[in-house]
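Given next are the chains, with one letter for each unit.
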Amino acid sequence: MDYEFLLLEKKWQEKWAAEKTFKAVTDPSKPKFYVLDMFPYPSGAGLHVGHPLGYIASDIYSRYKRLKGFNVLHPMGYDAFGLPAEQYAIQTGQHPEVTTGKNIARYRSQMDRIGFSYDWDREFRTCDPAYFKWTQWAFLKMFGSWYDKAQDKARPIEDLVRAFAEGGSAAVDAAASDTPVFTAAEWNAFSEKEKSDVLMHYRLAYQGETFVNWCPELGTVLANDEVKEGYSVRGGFPVEQKKMTQWQLRVSAYAGRLLDGLDRLDWSDSLKEMQRNWIGRSEGAEMVFKVRNGSAEYDMTIFTTRADTVFGVTFMVLAPESEWVEKLTAPACKEAVEAYLTEVKKKTERERIAGKTVSGVFTGSYATNPLTGKEVPVWISEYVLSGYGTGAIMAVPAHDSRDYAFARKFNLPIIPLIEGADVSEASFDAKEGIMMNSGFLDGMSVKEAIPAAIAYVESHGIGHRKVNYKIRDAIFSRQRYWGEPFPIYYKDGIPTPLPEEALPLTLPEVDEFKPTAAGDPPLARAADWTYNGYPLETSTMPGFAGSSAYYLRYMDPHNDKALVSAEANGYWRDVDLYIGGTEHATGHLIYSRFWNKVLFDLGYVCENEPFRKLVNQGMIQGRSNFVYRIVGTNKFVSLGLKDQYKTTEIHVDISLVHNDRLDTEAFKAWRPDFADAEFILENGEYICGWAIEKMSKSMYNVVNPDTVCDTYGADTLRLYEMFLGPLEQSKPWNTKGIDGVNRFLKKFWRLFWDRERFLVNDEEPTKAELKALHTLIGKEQEDIENFSFNTTVSAFMIALSELGECSKRAILEPLVILLSPFAPHITEELWHQLGHSGSVAYAAYPEYNPAYTVEDTCSYPVSFNGKTRFIADLPKSLSKEEVEAEVRSMPQTAKYVGDGNILKVIVVPGRIVNIVVK
RNA sequence: GCGGGUGUGUUGGAAUUGGUAGACAACCCAGACUUAGGAUCUGGUGCCGAAAGGCGUAUGGGUUCGAGUCCCUUCACCCGCACCA
């Protein structure tokens, strides 16, 4: 009987589906293990071989854990709201739901061929009302809560209202966008609208005016992580800064906890570092400078991490968007300031980043240094950001390179504060050295001076210690159609939450998916987008909304009373292993942690962090092929000869190329404009060029997993993707090596079958066979726990070659179990042929017996005349003295050159006895 | 500029964490069996050398009896952040 993978893979996939083999049921008698993949956005292009890499790894791990006796939750679903489907809808008029449905069906059929052990009963898509009901519900919870800094947690907004009614604004220490000051009596006298406006500054989901990333091409605002270098991540359109009122999530309130929580997570260092960077904690002080514009005086607060350098402040700088600009522009400078502001505004974000030219303008106002009493000019410059700190800085040109450049350009004084620092050519930014020119700080090191300066300003009431974070609140509204509608309506202008019973609030039908002529979002096109006669919010939630709590929903996906029941959540708790790409480092992985912490604070979930261990699979790149067209002709020249002509490089579909040799006939048939192509060959062949690039349709280098399953089978695909190299590394897809893996499976099959005979027998295994088996068991356990799947595959190949043609049941049966996480189909088939009725997925993992694998002899290193040699095969149990004696007794010539002399024995920590011959 | 990471045959990659570098594969070569092979099997394959032997883990140094592994230098590449005061 031959290894007919197509037949048996189909057979078992159907059986697993029909019998719901991988259905996960809450079972408190077993330990749980939750393995999650980052669910895909189902794009129109379908899956290529790179997508399943992480899914295969997580499936192997799930199956392994199941064999080890864990109750495994391993679900899959779809992140189905999002821009591409909507862009397509705008172009074609086709409803995004239709295209999304088609894409999902395609994804599902591709995944089904690979034999994953998902519990498909838990599948959902984020655009399904039964699911997004809970996204809207979570939004309402955030709308209905505030962050109490005193308790360091979110609390219901009712508590805040009560506190205000009893003690006014001074009664709480809360995270807020703005902190109006009022008494209890004033609060109680506020109108509904006024109360609503005040509370809006405190809510975790709130409406507020800020500068946002506005993408005119997409017609929507974007979150910071959706913008890269001034362009939208989706589509690559230019993004500009625009002041708008938008829904936001108060992620900044959680900055400290998001940062501290990282220490307890088993994530890669680079990923944690990325998040730390994004959160951007810096310790420093806020200080008040008196500022004066003519006769008008104000207190202006600035933030600095270098309180020690106050004595070197020679000017102040405001961000162009700062509200201080208006207050501090002197009449004489008004024209110049306005001209500067217009110039700054004209620049796109892109130009501001790229330009890095020093520019600025004097306001005509002055600030007083609170320590020296000296007056310094106040300037405006775009190098100061409005969104960080207070949007105004004290400039210390001697010890900050940006201030230095500015001072040089505008001829402002530079006062060095650190002994021996040469500031004639550049600033001295390092936080080291001994202070000078700094009054009471003179003689201190910088490390001493910083806290001393802060202590001084605190005791004199001119400032206080302050921790600042870079992370900003997440802009949460999108002026688009294909997303969750906000469960908010406007009652006399007051944003009001829908009652929970009214959820889900589903998307209305619209005639077009474009904004209205008036520039309102597409939802404004709906015939009756109202609630009880009041207008509903017309923007929708962003892509990350639906993915922020989906891991919780999998625990209890059909519950229509709660996002997740307390029982289900109490059992499954959190994700033990999360596998996905790094691209979500500062997006989804921050938002999810935030979202989870809010639900945790409010008592809806039992774990503070959602993802215990996280592994980033690398990207699988494509190997593209090129042909070279001679410019102005339809002639194509082979790679080796192309330098003799002026050519353009053209991507050619890799299915037309084998081993870099072009199938010229297929090429002519590929595209009409190549039909009459001519070729200049070398040695009768057309050789193509190649490059490693991102796998994508436009580069014609996409390898479809279906094709691989057709030619080699899913088990080969799975093994090969793991064999390709370390999981976390990016690597190009290379079909050359796949034959070796396929050959391994064929050989494995031949242990059980020759042409027509089932070979398995009940003979006793030899010692060597047991050793091969147990070495493999030990290796597999260790490797899988370390996510080193590539070496496990190698270990299987080694074991197979050591076993020769062993067809003994006592060896083969455990072998089938060991291989089953990697190659589930072939092993399931063989498991049943061995006479078992249940699935191999629930077999008991073979017990590892190290006794079989222990070597009873080993080699001892002996150094002689500076060279290390090894004396082989002495008993492993020897003490150093015995080894010494053994070496002495050996015929010298047999072991090392020269006359044997004194032996000096050194014991290195561990098992190795080290012998030096002198 | 700051931060994280990587550098091993022709290629993907191993190396019990300081102990005989190159496992396992791919490629290539030779042979066997075949009407045929892009099937299967066997053997060879880091470099130099006829051999003995020598040289080899990006670079230069250091620690050690012993370094791919630890420490310092330089270089190259990849990724993330980037006027964050």
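Residues numbered from 1 in each chain as written. Chains lettered and ligands numbered in written order. Predicted model: local features only at pLDDT ≥ 70, side-chain atom pairs only at ≥ 80, totals over all residues. Heavy atoms only, no water.

Turning next to the overall build of chain A. Along the backbone of chain A there are 29 helices and 35 strands. Reported as C-alpha extents along the three principal axes, the dimensions of chain A are approximately 100 × 85 × 75 Å. Counting the 918 residues in chain A, one finds 52% classified as buried. Contacts in chain A between residues far apart in sequence, at least 24 positions, make up 70% of those at least 6 positions apart. (Helix = DSSP H or I, 4+ residues; strand = E, 2+ residues; numbered from the N terminus. Buried < 20%, exposed > 50% of the residue type's maximum accessible area, 1.4 Å probe, protein only. Contact = heavy atoms within 4.5 Å.)

We now examine the sheet that holds strand 22 (residues 575-580). Within a beta sheet, neighbouring strands are joined by backbone hydrogen bonds and run either parallel or antiparallel to one another. The sheet built from 4 strands is open, its strands ordered 2-1-22-23 with parallel pairing. Looking at strand neighbours, the two that pair on one side only are strand 2 (71-73) and strand 23 (611-616), the edges of this open sheet. Between one strand axis and the next, the sheet turns through 20 degrees on average, direction left out of account. Sheet topology places strand 1 (residues 32-37) next to strand 22; 3 bridges connect them, and they run parallel. Across the sheet, Leu-36 pairs through a bridge with Tyr-578, a residue of strand 22. Sitting on the sheet, helix 19 (residues 588-601) is in contact with strand 22 and strand 23, with an inclination near 175 degrees to strand 23. (Pairing = 2+ DSSP bridges. Axes fitted to C-alpha atoms, helices over the stretch in contact; angles between N-to-C directions.)

Per-residue pLDDT for chain A has a mean of 89; in total, 94% of the residues score no lower than 70. Below a pLDDT of 50 lies the segment residues 893-902, which in the model reaches 20 contacts outside its immediate sequence neighbourhood of four places, other chains included. (pLDDT = per-residue confidence, 0-100.)

With that settled, consider the packing of helix 22 (residues 714-723) against helix 25 (residues 789-803). Remark: helix 22 packs on helix 25, axes separated minimally by 7 Å, with the N-to-C direction vectors making an angle of 120 degrees. When helix 22 is examined against helix 25, the residues Leu-719, Met-722 and Phe-723 are found in contact with a partner set consisting of Phe-789, Asn-790, Val-793, Ser-794 and Met-797. Of the residues that constitute the contact of helix 22 with helix 25, the class distribution is 6 nonpolar, 2 polar and no charged. (Nonpolar A, V, L, I, M, F, W, Y, C, P; charged D, E, K, R; others polar.)

With respect to the element layout, Ser-565 can be found in the loop between helix 17 (550-553) and helix 18 (566-572). Remark: the alpha-carbon pair of Ser-565 and Ala-453, spanning 112 residues in sequence, is separated by 53 Å. Residues contacting Ser-565, with those up to four places away along its chain left out, are Asp-556 and Asn-559. Of the polar contacts made by the side chain of Ser-565, one reaches the backbone nitrogen of Ala-568; its length is 3.0 Å. (Polar contact = N/O pair within 3.5 Å; in protein donor to acceptor, adjacent residues only side chain to side chain.)

This part is about the pairing of strand 22. Across a regular strand the side chains alternate sides, sitting on one face of the sheet and then on the other. For strand 22, a buried count of 6 out of 6 residues is recorded, marking the element as mostly surrounded by other parts of the structure. Bridge count between strand 22 and strand 23: 5 bridges; the pairing is parallel. Looking at the pairing, Tyr-578 lines up with Leu-614 of strand 23.

With that out of the way, let us pick up helix 27 (residues 824-833). Taken across its 10 residues, helix 27 has 8 buried, putting it largely inside the fold. All buried positions along helix 27 are accounted for by Pro-824, His-825, Ile-826, Thr-827, Glu-828, Glu-829, Leu-830 and Trp-831. Next to the buried residues of helix 27 lie helix 1 (5-19), helix 2 (52-67), helix 22, helix 23 (738-750) and helix 26 (809-819). Residue Gly-835 follows helix 27 closely and has a positive phi angle near 105 degrees.

This part covers a positive patch on the surface. Taken together, the side chains of Arg-743, Lys-746, Lys-747 and Arg-750 present a region of like positive charge at the surface. Considering the arrangement of structural elements, one finds Lys-747 in helix 23. Given a relative accessible area of 45%, Lys-747 falls into the partly exposed group. (Patch = residues over 30% accessible without salt bridge, like charges linked within 9 Å, V, L, I, M, F, W, Y side chains within 5 Å. Areas by Shrake-Rupley, 256 points an atom, 1.4 Å probe, with all protein chains shown as cover. Salt bridge = Lys/Arg side-chain N within 4 Å of Asp/Glu carboxyl O. Lys, Arg positive; Asp, Glu negative; His and termini not counted. Charge placed at Lys NZ, Arg CZ, Asp CG, Glu CD.)

A word on the sheet that holds strand 5 (residues 205-215). Spatially, 4 strands are ordered 6-5-9-17 in an open sheet, and the strand pairing comes out antiparallel. With partners counted over all chains shown, the strands left at the sheet margins are strand 6 (220-222) and strand 17 (474-475), one partner each. Pairing of strand 5 with strand 6 involves 3 bridges; the strand directions are antiparallel. Bridged to Cys-215 within strand 6 is Thr-220.

The next subject is the environment of Val-457. Residue placement: Val-457 occurs in helix 15 (residues 446-459). Along the primary structure Val-457 and Pro-370 are separated by 87 residues, whereas in three dimensions their C-alpha atoms are 8.7 Å apart.

This part is about the pattern of salt bridges. Note on pairing: side chains with opposite charge can pair once their charged atoms come close. Using the criterion set out here, one finds 48 salt bridges in the structure. In this structure, the salt-bridge partner of Asp-121 is Lys-23, at a minimum N-O distance of 3.1 Å. Pair noted here: Asp-121 is in the loop between helix 4 (96-112) and helix 5 (129-143) and Lys-23 is in the loop between helix 1 and strand 1, with a separation of 98 residues, a long-range link. Judged by its relative accessible area of 42%, Lys-23 falls in the partly exposed class. With its nearest N and O atoms 3.6 Å apart, the salt bridge here joins Arg-671 to Asp-673. Taken together, the shared-partner salt bridges in this structure form one network comprising Lys-32, Arg-573, Asp-574, Asp-576, Glu-607 and Arg-612.

Inspection of the secondary structure puts Arg-122 in the loop between helix 4 and helix 5. A relative accessible area of 8% means that Arg-122 is categorised as buried. At 3.0 Å, the side chain of Arg-122 and the side chain of Asp-119 are in polar contact. Apart from the residues within four sequence positions on either side, Arg-122 is in contact with Ala-24, Val-25, Leu-73, Pro-75, Met-76, Tyr-554, Met-555, Asp-556, Pro-557 and Trp-572.

Taking 1.5 Å per residue, 16 residues should reach 22 Å; helix 2 reaches 22 Å between its end C-alpha atoms and fits that length. For helix 2, the tally of buried residues reaches 16 of 16 residues, placing the bulk of the element in the interior. Directly beyond the C-terminal end of helix 2, a positive phi value near 95 degrees is found at Gly-69. (Expected span 1.5 Å × (residues − 1).)

Let us look at the packing of helix 1 against helix 27. One way to put it is that helix 1 packs onto helix 27 with a least axis distance of 9 Å and a crossing angle of 85 degrees. Between helix 1 and helix 27, the interaxial angle falls into the category roughly perpendicular. Mapping the contact onto sequence places Leu-8, Glu-9, Lys-11, Trp-12, Gln-13 and Trp-16 in helix 1 and Pro-824, His-825, Ile-826, Glu-828, Glu-829 and His-832 in helix 27. When its residues are assigned to classes, the contact of helix 1 with helix 27 shows 5 nonpolar, 3 polar and 4 charged. (Parallel < 35°, antiparallel > 145°, perpendicular 65-115°, else oblique.)

Here the focus is the packing of aromatic side chains. Counted under the stated rule, the structure contains 72 aromatic pairs. Taking 5.6 Å as the distance between ring centres and 55 degrees as the angle between the ring planes, the aromatic pair formed by Phe-476 and Phe-544 counts as tilted. A residue pair is termed long-range when its members are at least 10 positions apart, and Phe-476 in the loop between strand 17 and strand 18 (488-491) and Phe-544 in helix 16 (residues 543-547) qualify at 68 residues. A network of ring pairs unites the aromatic residues Phe-33, Tyr-61, Tyr-64, Phe-70, Phe-744, Phe-748, Phe-752, Phe-787, Phe-789, Phe-796, Phe-822 and Tyr-845 as a single cluster. The ring of Phe-143 is capped by Arg-203, whose NZ or CZ atom sits 3.9 Å from the centre of that ring. One cation-aromatic arrangement involves Lys-242 over Trp-214; the distance from NZ or CZ to the ring centre is 4.6 Å. (Phe/Tyr/Trp six-rings, centres within 6.5 Å; stacked < 30°, edge-to-face > 60°. Lys NZ or Arg CZ within 6 Å of the ring centre and 35° of its normal.)

Along strand 3 (residues 145-148), one buried face is formed by Ser-145 and Tyr-147 and the opposite face, lined by Trp-146 and Asp-148, is buried too. Here strand 3 pairs with strand 4 (residues 153-156) via 4 bridges, running antiparallel. Paired with Tyr-147 across the strands is Ala-154, a residue of strand 4. Between strand 3 and the antiparallel strand that follows it, strand 4, lie 4 residues; Asp-152 among them carries a positive phi value of about 55 degrees.

Its location among the elements puts Ser-638 in the loop between strand 25 (635-637) and strand 26 (647-652). The exposure class of Ser-638 is buried, given its relative accessible area of 0%. Looking at Ser-638, its side chain comes within polar contact range of the main-chain nitrogen of Ile-687, at 2.9 Å. Ignoring any residue separated from it by four or fewer positions in sequence, one finds Ser-638 in contact with Ile-680, Leu-681, Glu-682, Glu-685, Tyr-686 and Ile-687.

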